[in-house]
Amino acid sequence: MSNKLIWVDEDDMEKSQRQRNLDEENDFVERSMEEGGKSIMFRIPAELEEDRGGWGNKLDFLMSCISLSVGLGNVWRFPYLCYKNGGGAFLVTYSIAMVVCGIPIFFQEVAIGQYLGSGGMTFVGQLCPILKGVGFATMTIVFLLDVYYCVIIAWTLYYIISTVAYLPVLPWQGCDNLWNTKDCFTSGSNLSFVNGTKKFSPVEEYFDRQVLGISGGLEEIGGMQWNIFVCLCIGWILVYIIIKRGLHQSGKIIWFLALFPYLILIVMMVRAVTLDGAGAGLLYYVVPKWEQFLTPGPWVDAASQIFFAYSIGCGALPALGSYNKFHHNSYKDAVITCVVNTFTSVLAGVVTFSILGHLAHEQNVNVGDVVKSGPGLVFLTYPEVVLKLPGAPFWAIIFFIMLLILGIDSAFCLVESFITGLMDNWSTVLRPHRQKFTATVCIIMFLLGIPMVTHGGMYVFQLMDYYSASGMSLLWVCFFQTVAISWTFGVDKLCDCIEQMMGTRPNMFWRICWKYCAPIVIAVIFVQQCMEYQTLRYGEYNYPLWANIFGLGISFSSMLWVPVYAIYYLLTQPNSIIQNFKDGLIPAIKQRKISICDKTTGQLITQSKVGLITPSVSLVQNEKLNS
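Here the residue numbering is sequential within each chain, running from 1 through the sequence in written order. With pLDDT at 70 or above as the cut-off, local features in this predicted model cover only qualifying residues; side-chain atom pairs require 80 or more to be listed or tallied, and sums for whole chains, interfaces and linings still use all residues. Hydrogens and waters are ignored; side-chain quantities use all the structure's heavy atoms.

K.L.:
An account of the packing of aromatic side chains is needed here, citing residue identities and associated values.
P.N.:
For this analysis, a ring pair means two rings from Phe, Tyr or Trp (six-membered ring only for Trp) whose centres lie within 6.5 Å, classed as stacked if their planes differ by under 30 degrees, edge-to-face if by over 60, and tilted for the remaining angles. The full count for this structure, using the stated rule, is 45 aromatic pairs. Both rings, one in Tyr459 and one in Tyr543, keep their centres 6.3 Å apart while their planes meet at 70 degrees; by these two values the pair is edge-to-face. Separated by 84 residues along the polypeptide, Tyr459 in helix 19 (residues 457-467) and Tyr543 in the loop between strand 5 (541-542) and helix 22 (545-559) bring together distant segments of the chain. Tyr543 carries the same exposure label as Tyr459, and that label is buried. Only DSSP runs of H or I reaching four residues or more are called helices, and only runs of E reaching two or more are called strands; each is numbered from the N terminus. Three labels apply to residues, based on accessible area from a 1.4 Å probe with only protein chains included: buried if under 20% of the type maximum, exposed if over 50%, partly exposed otherwise in between.

And the structure:
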């Protein structure tokens, strides 16, 4: 490895403890006189030469945040949770959670990641060593999330392939296919007997019977859906290709993936709101059922959806922020991303509920009874509106390409957060083998996702979605993360860090949200959910007791990291338990390395070491390579 020679102003160097240590270690190799005063050239010790990489363009980070947070969580998960919780009631609770939890914690995670230059596994442990288990819990959650998230991509790929195969018609267009039943109905057919027997649209039967081949329950897992299996393979190959060199190297891809979906959503919205019955669906969407506020469902789902959609508590935001230049103004990026995310969710909700109103009009039922709420809701509503567009096959292909893009860009950001977290914790072992390690992780996640592409795969999928990366486990991790940052490390120190990086100090609103609103809201919702816990169901199917126990085990697999590591820390540190506890509350921050991209060569270069907590003092004037 070549030695990097950096010119540093002597006055600044005398103020830097790190550079004084270098002086004591005789790492200086040359002294010379420069205009304006004496300068000293020194060599960075080889063991500290660790290059994380960096964004080549300021907007790459913003687009990466949008790609991460604006995804299937907006188009797929937000509408079905909103439908499940009575429409308008969920919108109110979602808005409250966004203001007091979502935006403040989003900015907090990005800022801390940028300041420390570390991913989601290590940053909490640096701020509060006794709570380092939060990082392990985060990595467990994001690992489980990655396992089942790519299954949605597989469903989407199947829709794209089957749409092309059935041209010039759509496979879900009528009731004359092999997978249809006698209970299938089409628009304009005689529906006088709908009230006597439950009827299903061609779209619904296509998804349940052809795509999923769904069985009667979790007890009937059945054989493999080989078409979906192949699509799952393709999905993981796409994810690996994008992230194999590191997410920060994928700026141009991220730009396209972040912007393209909005064109398609707007086209869908224009058509959806003009359908017969769309008004009833929109009223269901925006008018709250006030009795719902007295139940924990809308509150728990709103908070968990905020964290899920914003990717809070998953380690992804600190990982993205860690690739920023030290003085980058990530405050603007955080606010813009959160606003864009909420706008996307609301836009997707308008499309979904307009279609649900249209379906309710055709079936002569209430909007709340038109379809079963579940993870497949997006595959039941959007294909329906596609049928109403001229050139339906073209728009179907475009829509599912959009859905694929939304899934892929969120998936590779989440996988990257897991890889970055582990490499930050075991950097000397893993970083030299990044591509091999990335391939290994993708293969393991793919293998674990295979049960979700069987005939009973949807039941496994919803079990994972309900217990692994939302609800209790995610709230638990976010609570302790917020406590570690805002209480143990302290809001004042956090504001000092942000002021040092961005030149402005957060106002009272941010301080109150960080210290009081966010942890209190999270704790109250968590306790309420535990008190009124309900077992899982999919449509009319109630999950058996053993499945719910297994699901709770999935939740505890991440949650237990926090207390277990705290006990481990107290027992293994050299001092008494009381002293270890006190030491565990003292920040143990490592210095970060700023990474920048030389625009003339396109090469990533290391700018400097930056002292943390105290103001940064190293000013780089030039960099030379001594081979």
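K.L.:
Requested: an account of the state of the cysteines, with residues and values cited.
P.N.:
By definition, disulfides here are pairs of cysteine sulfur atoms that lie within 2.5 Å. Counted under the stated rule, the structure contains 1 disulfide. The disulfide partner of Cys175 is Cys184, and the S-S distance across this bridge is 1.9 Å. Across the S-S bond linking Cys175 and Cys184, the dihedral sits near -70 degrees, which makes this disulfide left-handed. The exposure class assigned to Cys184 is buried, which follows from its relative accessible area of 13%. Its sulfur unpaired, Cys442 is 8.6 Å from the next cysteine sulfur, which belongs to Cys150.

K.L.:
An account of the pattern of salt bridges is requested, with residue identities and associated values reported.
P.N.:
The rule for a salt bridge is simple: a side-chain nitrogen of Lys or Arg has to be within 4 Å of a carboxyl oxygen of Asp or Glu. Considering all chains together, one arrives at 4 salt bridges under this definition. Here Glu540 and Arg537 are joined by a salt bridge, their closest N and O atoms 3.9 Å apart. Classification of Glu540 by relative accessible area gives exposed; the value is 72%.

K.L.:
Talk me through the UniProt feature "binding site: Na(+)" (unreviewed entry) in the chain; I want residue IDs and the actual numbers.
P.N.:
In this numbering, the UniProt entry assigns the feature "binding site: Na(+)" (unreviewed entry) to Val70, Asn74, Asn341, Leu406, Asp409 and Ser410. A maximum C-alpha distance of 14.0 Å places the annotated residues, which cover 341 residues in sequence, within one compact spot. Take Leu406: it is sitting in helix 16 (residues 392-425). Assessed through its relative accessible area of 2%, Leu406 is described here as buried. Excluding its chain neighbours within four sequence positions, the residues that come into contact with Leu406 are Val70, Gly71, Leu72, Val75, Tyr149 and Pro261. UniProt positions are given in the numbering used here, feature names are shortened, and annotations may be inferred rather than shown by experiment. In this analysis, two residues are considered to be in contact whenever any of their non-hydrogen atoms come within 4.5 Å of each other.

K.L.:
Help me get a handle on the nonpolar core, residues and values and all.
P.N.:
Inside soluble globular proteins, nonpolar side chains tend to come together where they are buried. Core analysis: the biggest nonpolar cluster contains 189 residues, and Trp155, Phe307 and Tyr310 have the highest contact counts within it. Apart from the residues lying within four places of it in its own chain, the contact partners of Phe307 are Cys101, Ile105, Ile312, Leu474, Leu475, Cys478 and Ile522. Within this scheme, the nonpolar core is defined by two criteria: the residues are buried Ala, Val, Leu, Ile, Met, Phe, Trp, Tyr or Cys, and they are joined through side-chain atoms within 4.5 Å.

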